[in-house]
Amino acid sequence: MARSEKDEILRLKEVYKSFLQPSIFGGTLTKALNGVSFSVKKNEVFSLIGLNGSGKTTCIKTILGLTSADSGEVSLFNSDGSDPRLRSRLGYLPEIPYFKGDFTPLEMLSFWGRLSGLRGNYLRERIDTVLGYTSLTQHARKKLKGFSRGMLQRLGIAQTLLSDAEFLILDEPMGGLDPRGMADIRRFIQEIKEEGRTILFSSHIISEVEKLADRVAMIHQGRIIKITSPHENLEEDFLRRIEKAEKDLND
Ligand SMILES: Nc1ncnc2c1ncn2[C@@H]1O[C@H](COP(=O)(O)OP(=O)(O)O)[C@@H](O)[C@H]1O
Ligand SMILES: [Mg+2]
């Protein structure tokens, strides 16, 4: 195996995924992923940017095995991803974290921890660590009902860190957050990287991506239109490329 391949933690090769949406005319086909290829290297912060509906969440769900691709290859940790044990090396923050208002962070984290196979003292230590890390210690026994969006998102991050995963996949981690909430998430991503972990996150907030990512893949209508390192005017560049992609499609 070539060194560059060994350093890869994730590789997508020509991944296609369509959804059939039933209608009175027999249904329309949405090509959510249209031949997506890219790879993520170990210890990299890799960002997937695109407009709403461009295919980011579908791409992430395909990587996680939550949706199956119609064709193409997804390889995780240099294997075909079919071994369920690989999942324990992954952390996932869904786009809209699901939390029950009547529960407390402590209860939710114990539940998730046990789902991931953590038990006893080790689980208690991990919970203390992630609560401290996300500044939720003093809220650990409060009901989630009264939590702000930022606090819920921090709990989501705490959950993804619980099992000490080496590769974290975060779907729109800054979605709906105020500047302070965004700064918190930015700090977590930077710290997680410093610990030697790898991060893939999706976003449509280009200014945040510019500050964080080592590499950026621009996705539009299910196609990767450019992979680049963040640079000044990333947003302008992104919008220009989208316009060009649309023009090319219409020509
Ligand atoms: N389960 C589904 N059923 C039908 N269409 C879907 C489904 N999931 C996603 N889509 C469609 O696929 C496209 C890409 O969606 P998505 O991956 O959620 O984009 P993003 O996360 O970039 O906003 C959209 O047109 C969306 O409507
Ligand atoms: Mg999405």
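One can find the structure itself at the top, above this paragraph.
This write-up is about the structure you can find in this document.

Cut-offs used in this document
Note that residues are indexed from 1 along each chain, following the sequence as it is written. Chain A is the first chain written and ligand 1 is the first ligand written, with later ones labelled in order. Since the coordinates come from a predicted model, pLDDT governs what is reported: local features require at least 70, and pairs of side-chain atoms require 80 or more to be given and counted, while whole-chain, interface and lining totals use all residues. The basis for the side-chain values is all heavy atoms of the structure; hydrogens and waters are excluded. Only DSSP runs of H or I with at least four residues qualify as helices, and only runs of E with at least two residues qualify as strands; both kinds are numbered from the N terminus onward. Note on contacts: a residue pair qualifies if any of its non-hydrogen atoms lie within 4.5 Å across the two residues. Per-residue and other accessible areas follow the Shrake-Rupley method at a 1.4 Å probe size, with only the shown protein chains counted as cover for residues. The sign given to each residue is positive for Lys and Arg and negative for Asp and Glu; His and the chain ends receive no count. We put the charge of a Lys on NZ, of an Arg on CZ, of an Asp on CG and of a Glu on CD. Residue proximity to a molecule or strand is established when one non-hydrogen atom of the residue lies within 4 Å of it. Within 3.5 Å is the distance limit for a polar contact, defined as a pair of N or O atoms, with the added protein rule that one can donate a hydrogen and the other accept it, and that residues adjacent in sequence qualify only through two side-chain atoms. Put simply, Ala, Val, Leu, Ile, Met, Phe, Trp, Tyr, Cys and Pro go in the nonpolar bin, Asp, Glu, Lys and Arg in the charged bin, and everything else, Gly too, in the polar bin. Excluding water, the donors of a metal are its N, O and S neighbours within 2.8 Å, or within 3.2 Å for Na, K and Ca, and that exclusion means sites may look incomplete. Remark: exposure states derive from per-residue accessible area (1.4 Å probe, protein chains only) relative to the maximum for the residue type, with buried under 20%, exposed over 50%, and partly exposed in between. By definition, two strands form a pair when at least two bridges between them are found by DSSP. Fitted lines through C-alpha atoms serve as axes, helices being fitted only where they are in contact, and the angles separating the N-to-C directions of these axes extend from 0 to 180 degrees.

### Considering the overall build of the chain
Check the secondary structure of the chain and you find eight helices and nine strands. C-alpha atoms of the chain, sized along the principal axes, occupy 60 × 45 × 40 Å. Of all intrachain contacts in the chain linking residues separated by at least 6 positions in sequence, the fraction that spans at least 24 positions is 67%. Accessible surface, the chain: about 13200 Å² in total, of which carbon and sulfur atoms supply 49%. Of the side chains in the chain, 37 bear a positive and 34 a negative charge, and the two mean positions are spaced by 5 Å.

### Re the site of ligand 1
Residues in close proximity to ligand 1 include Phe 19, Gln 21, Thr 30, Ala 32, Leu 51, Asn 52, Gly 53, Ser 54, Gly 55, Lys 56, Thr 57 and Thr 58, which together make up its full environment. Within the side chain of Lys 56, one N or O atom sits 2.9 Å away from an oxygen atom of ligand 1. With respect to ligand 1, the side chain of Thr 58 contributes an N or O atom lying 2.6 Å from an oxygen atom. Contact with the protein chains covers 65% of the free accessible surface of ligand 1, which is 560 Å². Counting only elements with at least two residues in the shell around ligand 1, the list comes to β1 (8-21), β2 (28-41) and α2 (56-64). Residue composition of the shell around ligand 1, grouped by class: three nonpolar, eight polar and one charged.

### Here's the deal with the coordination of the magnesium ion (ligand 2)
Within the protein, the atoms that donate to the magnesium ion (ligand 2) are Thr 57 (OG1), Glu 95 (OE) and Glu 95 (OE), at distances of 2.0 to 2.8 Å. With Thr 57 in helix α2 and Glu 95 in the loop between β5 (90-93) and α3 (105-115), the pair connects residues that are 38 residues apart, well separated along the chain. Overall, Glu 95 belongs to the partly exposed group, its relative accessible area being 32%.

### Remarks on the sheet that holds β5
What the six strands build is an open sheet, ordered β5-β6-β7-β3-β8-β9; its pairing is mixed. The sheet is open, and its two edges are formed by β5 and β9 (223-228), each paired on a single side. Mean inter-strand twist for the sheet, computed between neighbouring axes without regard to direction, equals 15 degrees. As paired elements, strand β3 (residues 45-49) and strand β8 (residues 215-220) share four bridges and run parallel to each other. Among the inter-strand pairings, Phe 46 is bridged to a residue of β8, identified as Arg 215. With respect to the sheet, helix α5 (residues 149-161) is in contact with β5 and β6 (167-171), its orientation differing from that of β5 by roughly 165 degrees. The sheet contacts of helix α6 (residues 179-194) involve β3, β6 and β7 (198-203), and relative to β7 the element is tilted by about 155 degrees.

### Brief notes about the pairing of β2
Two strands pair when backbone bridges link them, and β1 and β2 are joined in this way by 11 bridges, in the antiparallel orientation. Residue pairing for β2: Leu 10 is matched across the bridge by Val 40. Hairpin remark: β1 followed by β2, antiparallel, with six residues in the connecting loop; positive phi at Gly 26, about 105 degrees.

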